[in-house]
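The lines below spell out each chain.
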Amino acid sequence: MQKLFDFLNKYLLPPLNKVANTKVVRSIMNASLAAVPFTIVASIFLILNNLPAIFPFAATFFQNTILKFSAFYMLGNTMALGSLALYYSLSVGYYYIEEYRQAGETKLNSFTGALLSMFAFLMTIPSISWTKGSAQALSKTVAPNSQIVSGVSLVNGWISRFGGVGIFISIVTGIIAIQLYRLCVNKNITIKMPEGVPEGVSRSFASLVPAILVAFVMIVLNIILGLMNTDLHNLLSAPFGFVKNLTGSWLGLMIILLLIHLLWAVGVHGTAIIKNSFINPILLVALTENINGHHNIFAGDFINMWVFIGGAGGTLGLVLLMTFAAKSDQLKTLGKTAILPAIFNINEPVIFGAPIVYNPYLIVPFILNPMVLASVAYFAIKLHLVAYVNSAIAWILPVGMGAWLGTSGNLPAVLLAFINLLLSVIIYYPFFRLYDNNLLKQEQKNNS
């Protein structure tokens, strides 16, 4: 076991830590966190719209009351989830500049970076191609609820590329815009106003040259791609789709969970480095697709609903064992202390208090348990025993409640969450018992 810890510290941790601590990855992670409230807000209104399906016995009541206002309150869903790429573009630009400011480039302005990032993204929204010797924006009806107007794809009357499908592009264009902005500022290619000019006026003129450069670069890029009868969204949809399908497979899910928990094993926040930094944007795209009728298994808060029951490693089962079955004073006391946070999926007291980190007794089930729970949930959904995830939830929701809300009231989803909790108790038990007996012997020896 010590050789395993040494191997992780030497070969796995350094490269992952290095990548996770780059400015661009940290900015993407912060943008993902900034988008979370909007996904939850959108899901609240989506759940309202699904009340007849959640409570069939009261369907007529809901249809005659709250659903009559659906066109009003569903604006909350459209403008939150349907505009998620816009929030991403602003957040990536803002946090990317913040990373450079903290590194000493204090002449950069974070708000300007956010606006330039969104400007670059908006330049990619219309699809323009070279047709019959001139640039033309296509207009046509694709389906009853889908049409293209002046090159802009609309679904149910709203710009489709503002939603989850545009997240990846907003990240790419945000990176381009910020690097162009940095080039202008660091090379002093800006318009400087004389002393005494209000700061807001001075800042607006300082961003004029970077805005022109961003526009020029995006136009040239659009022209090149337009001559090839494509655009940035279509060009990057293939590689992004490949990555999404790879991470959405059972094998991809297993690799993700293995990496997360191997990092936790050596005391590094694997959830932040792997899931929050790299996987969350993909899960958000999958969630928005599910809302529109797709069937992505690994989407939204799949992990929080059925795997991280009690936190990373699914440690609520371990905490229950500590609280009600421990013989050693150490684990009994820790269980009573950690039970309340664990119910709300906060498990740092257990990870560092038991401890699980560098603990040969508990690290094996800590890594194995989430992979088993994820496999059970994955195949339960694949076999259509449980509904697909179609709503975002807060990660602190207790076991079962998150599954109920995340699937818009699917009862088998709730049952699956409690089955996984029982499985985690079973998986942890033999390792817990060995560790507890060892601690008990030490305590008896110390007291004798």
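Residues numbered from 1 in each chain as written. Predicted model: local features only at pLDDT ≥ 70, side-chain atom pairs only at ≥ 80, totals over all residues. Heavy atoms only, no water.

## Re the sheet that holds strand β5 (residues 152-155)
Strands sit in the order β3-β4-β5-β6 across an open sheet of four strands; the sheet is antiparallel. With one partner strand each, in any of the chains shown, β3 (140-143) and β6 (158-159) form the two edges of the open sheet. Pairing analysis gives three bridges linking β3 to strand β4 (residues 146-149), with the strands arranged antiparallel. Bridging from a neighbouring strand, A143 pairs with S146 of β4. (Pairing = 2+ DSSP bridges. Helix = DSSP H or I, 4+ residues; strand = E, 2+ residues; numbered from the N terminus.)

## Brief notes about the packing of helix α7 (residues 110-122) against helix α10 (residues 208-227)
The interhelical angle for the contact between α7 and α10, taken along N-to-C directions, is 25°, at an axis separation of 10 Å. The angle between α7 and α10 falls in the class roughly parallel. When you trace α7 past α10, the crossing you get is right-handed. Listed contacts from α10 to L116, F119 and A120 of α7 are P210, A211, V214, A215 and M218. Looking at side-chain class alone, the contact of α7 with α10 contains eight nonpolar, no polar and no charged residues. (Axes fitted to C-alpha atoms, helices over the stretch in contact; angles between N-to-C directions. Parallel < 35°, antiparallel > 145°, perpendicular 65-115°, else oblique. Left-handed = near helix turned anticlockwise from the far one by under 90°. Contact = heavy atoms within 4.5 Å. Nonpolar A, V, L, I, M, F, W, Y, C, P; charged D, E, K, R; others polar.)

## Looking at the packing of aromatic side chains
Using the criterion set out here, one finds 12 aromatic pairs in the structure. Their ring planes at 50° and their centres at 5.2 Å tell us that Y96 and Y100 sit as a pair that is tilted. Highlighted residues: Y96 and Y100, both in helix α6 (residues 84-102), separated by four residues, approximately one helical turn. For the pair Y96 and Y100, one class covers both residues: buried. Aromatic side chains Y361 and Y435 sit 5.3 Å apart centroid to centroid with 35° between the ring planes, which places their arrangement in the tilted category. (Phe/Tyr/Trp six-rings, centres within 6.5 Å; stacked < 30°, edge-to-face > 60°. Buried < 20%, exposed > 50% of the residue type's maximum accessible area, 1.4 Å probe, protein only.)

## Overview of the packing of helix α15 (residues 316-325) against helix α20 (residues 411-447)
Interhelical geometry of α15 versus α20 gives an angle of 55° and a closest axis separation of 8 Å. By the criterion of interaxial angle, the relationship of α15 to α20 is oblique. Viewed along their axes, α15 and α20 form a crossing whose handedness is right-handed. Each of L316, G317, L318, L320, L321, M322 and A325 in α15 lies in contact with α20, whose residues at this interface are L421, S424, V425, Y428, Y429, F432, R433 and D436. Partitioning the contact of α15 with α20 into residue classes produces 11 nonpolar, two polar and two charged.

## Some remarks on the environment of I260
Position of I260 relative to the elements: it lies in helix α12 (residues 250-265). Relative accessible area serves as the criterion here: at 0%, I260 is assigned to the buried category. Separated by 178 residues in sequence, I260 and G82 have C-alpha atoms that sit 30 Å apart.

## Description of the pattern of salt bridges
Two side chains of opposite charge can pair, provided their charged atoms sit close to one another. In this structure the tally under the stated criterion is six salt bridges. Among the salt bridges present, the one from R101 reaches E98, with a minimum N-O distance of 3.7 Å. Placement of both R101 and E98 in helix α6 is noted, with a separation of three residues, approximately one turn of the helix. Residue R101 is classed as partly exposed on the basis of its relative accessible area, which comes to 31%. Ionic pairing is found between E105 and R182, a salt bridge with its closest N-O pair at 2.7 Å. Taken together, the residues span a long stretch of sequence, with E105 in the loop between α6 and α7 and R182 in helix α8 (residues 167-186) at a distance of 77 residues. (Salt bridge = Lys/Arg side-chain N within 4 Å of Asp/Glu carboxyl O.)

## With respect to the nonpolar core
In globular proteins that are soluble, nonpolar side chains generally tend to be buried together. F302, W306 and I356 are the most contacted members of the largest nonpolar core, which has 65 residues in total. Counting residues per element, the ones that place at least two in this core are α12, α13 (270-291), α14 (302-306), α15, α16 (329-343), α17 (348-353), α18 (363-382) and α20. Discounting residues that sit within four places of it in the chain, W306 has contacts with L373, A377, I381, V386, A387, V389, A403, T407, A413, L416, A417 and N420. Membership of the second largest hydrophobic core comes to 15 residues, among which are A31, I282, L284 and V285. (Core = buried A, V, L, I, M, F, W, Y, C linked by side-chain atoms within 4.5 Å.)

## As for the side chain of T271
The topology assignment puts T271 in helix α13. Within polar-contact distance, the side chain of T271 engages the side chain of W264 at 3.1 Å. (Polar contact = N/O pair within 3.5 Å; in protein donor to acceptor, adjacent residues only side chain to side chain.)

## Considerations on helix α5 (residues 70-80)
Those residues of α5 lying buried are S70, Y73, M74, N77 and A80. Relative to the axis of α5, the buried residues are bounded by an arc of 115° and lie together on one face. In this structure, α5 carries A71 and F72 as exposed residues pointing more than 90 degrees from its buried face. (Arc of directions from axis to C-beta.)

## Observations concerning a nonpolar patch on the surface
Residues W130, F216, I219, V220, I223, I224, L227 and M228 make up a contiguous nonpolar surface patch of about 810 Å² in total accessible area. No other element matches α10, which puts six residues into the nonpolar patch. Among the secondary structure elements, F216 is positioned in helix α10. For F216, a relative accessible area of 55% gives the class exposed. (Patch = residues over 30% accessible without salt bridge, like charges linked within 9 Å, V, L, I, M, F, W, Y side chains within 5 Å. Areas by Shrake-Rupley, 256 points an atom, 1.4 Å probe, with all protein chains shown as cover.)

## Looking at the pairing of strand β1 (residues 128-131)
Regular strands place their side chains on alternate faces of the sheet. Bridge analysis of β1 against strand β2 (residues 134-137) gives four bridges, and the strand direction is antiparallel. Its bridge partner lying in β2, S129 is registered against Q136. The hairpin formed by β1 and β2 contains two residues between the paired strands, and K132 there has a positive phi angle of roughly 55°.

## A short note on α6
With 19 residues, α6 extends 27 Å from end C-alpha to end C-alpha; this agrees with the ideal 27 Å at 1.5 Å per step. Every buried residue belonging to α6 is among L84, A85, L86, Y88, S89, S91, V92, G93, Y96, I97, E99 and Y100, and all of these are buried. Contacts from the buried residues of α6 go to α2 (23-49), α5, α7, α8 and α13. (Expected span 1.5 Å × (residues − 1).)

## Notes on unusual backbone geometry
Glycine aside, a negative phi is what most residues show, and trans is what most peptide bonds show. In this model, A354 is joined to P355 through a cis peptide bond whose omega is -15°. The residue P355 is located in the loop between α17 and α18 in this model. Of note, N188 is a non-glycine position whose phi angle comes to about 60°, a positive value.

All quantities given are derived from atomic positions and should not be read as evidence of function.
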